Amino acid sequence: MGIKISTLIYTIINFAILLLILKHFFWDKLKGIIESRQSEVEDMLAKADEDSEKARMYLVQNERILKDAKKEGKKITEAQKKKAEKIYDEILDDAKKEADSLVERAKVEIGREKEKAEYEVKKQAVDLAVELSIKALDTQIDEDLHRKLISDFIAKVGM
């Protein structure tokens, strides 16, 4: 059993004819499909690279925005803290002024009460002196004149 040369030659010729037919009818289409697919893959890779670069840029931008937002938040917090301290100081000053005002009003009220008490004491002393002098003299003289004399005496003595 050997290989017949004629069969081998016919097989090679058939293969060559088949190859030529395939090349003539299908080779360009097949080559176009392969090139089209290769072009699509290259476009997809380029788009993926572009998207990756965009994502990296967005990441950098978002980090910068976050950093700026943190700074702004810190500034706002500091400003609010200063504002709160100012309000606290104002409240404290107002409370101190109110306390001082209350103390001053109390001093004025005490002064009035003291004057009133001194007046009452003088009045009672005058009344007592009038009563004593009336009893001592055992005679009725003008009460208004007595009061005036005793008031003058007390004023001179400094009661």
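Everything numeric here is computed off the predicted structure, so don't read it as measured data.

> Looking at this model, I keep getting lost on the overall build of the chain. Mind explaining?
A count of helices and strands for the chain gives 2 helices and 0 strands. Against the globule reference of 15 Å for 159 residues, the chain gives a C-alpha radius of gyration of 60 Å, more extended than a compact globule. For the chain, the spread of C-alpha atoms along the principal axes amounts to about 185 × 30 × 25 Å. Burial statistics for the chain: of 159 residues in total, 4% are counted as buried. Within the structure as shown, the chain displays about 14,900 Å² of accessible surface, and the carbon and sulfur contribution to it stands at 63%.

> Would you take a moment to explain the UniProt feature "transmembrane region" (unreviewed entry) in the chain for this structure?
UniProt tags residues 7-27 as "transmembrane region" (unreviewed entry). Regarding residues 7-27, the helix share stands at 100% and the strand share at 0%, and the terminal C-alpha atoms are separated by 27 Å.

> I keep staring at a nonpolar patch on the surface and nothing clicks. Help me out?
A contiguous nonpolar patch, built from Ile 5, Ile 9, Tyr 10, Ile 13, Ile 17, Leu 18, Ile 21, Leu 22, Phe 25 and Phe 26 and spanning about 1,000 Å² of accessible area, is present on the exposed surface. Relative to the helices and strands, Phe 26 resides in helix α1 (residues 5-137).

> Help me understand a negative patch on the surface, please; the structure alone is not making it clear to me.
Together, Glu 78, Glu 85, Asp 89, Glu 90, Asp 93 and Asp 94 make up a negatively charged patch on the protein surface. Topologically, Asp 93 is positioned in helix α1. Among the residues examined, Asp 93 registers a relative accessible area of 44% and is labelled partly exposed.

> Please clarify how the environment of Tyr 10 should be interpreted in this entry.
By the element assignment, Tyr 10 lies in helix α1. Residue classification places Tyr 10 among the exposed positions, given a relative accessible area of 57%. As a C-alpha pair, Tyr 10 and Asp 100 span 90 residues in sequence and 127 Å in three-dimensional space.

> Explain the pattern of salt bridges to me, please; I cannot follow it from the model alone.
Under the criterion given, the structure shown has 7 salt bridges. Of the charged contacts, one joins Arg 56 and Glu 53 as a salt bridge, the two residues approaching to 2.7 Å between their closest N and O atoms. Pair noted here: Arg 56 and Glu 53 are both in helix α1, with a separation of 3 residues, about one helical turn. Arg 56 gets classed as partly exposed once you look at its relative accessible area, which sits at 45%.

> What's the story with the environment of Trp 27 in this structure? I'm lost.
Checked against the element boundaries, Trp 27 lands in helix α1. Through-space distance from the C-alpha of Trp 27 to that of Ala 129 is 148 Å; in sequence the pair is 102 residues apart.

About the criteria used
- Along each chain, residue indices are assigned from 1 in the same order as the chain's sequence is written.
- Local features in this predicted model are restricted to residues whose pLDDT is 70 or higher, and side-chain atom pairs enter the listing and the counts only when it is 80 or higher, whereas totals over whole chains, interfaces and linings include all residues.
- For the side-chain quantities, the full set of heavy atoms in the structure was used; hydrogens and water were omitted.
- Helix and strand labels come from DSSP, where a helix needs a run of H or I of at least four residues and a strand needs a run of E of at least two; each type is numbered from the N terminus.
- In this description the radius of gyration comes from C-alpha coordinates, and the expected globular size is given by 2.2 Å times residues to the power 0.38.
- Between buried and exposed lies partly exposed: a residue is buried under 20% and exposed over 50% of the maximum accessible area for its type, with that area taken using a 1.4 Å probe on protein chains only.
- A 1.4 Å probe and the Shrake-Rupley method give the accessible areas. Residues count as covered only by the protein chains that appear here.
- UniProt positions are given in the numbering used here, feature names are shortened, and annotations may be inferred rather than shown by experiment.
- Any residue with relative accessible area above 30% and no salt bridge may belong to a patch, with like charges joined within 9 Å and the nonpolar Val, Leu, Ile, Met, Phe, Trp and Tyr side chains within 5 Å.
- Any Lys or Arg side-chain nitrogen located within 4 Å of an Asp or Glu carboxyl oxygen qualifies as a salt bridge.
- The positive count covers Lys and Arg only, the negative count covers Asp and Glu only, and His and the chain ends enter neither.
- Throughout, a charge is located at the NZ atom of Lys, the CZ atom of Arg, the CG atom of Asp or the CD atom of Glu.

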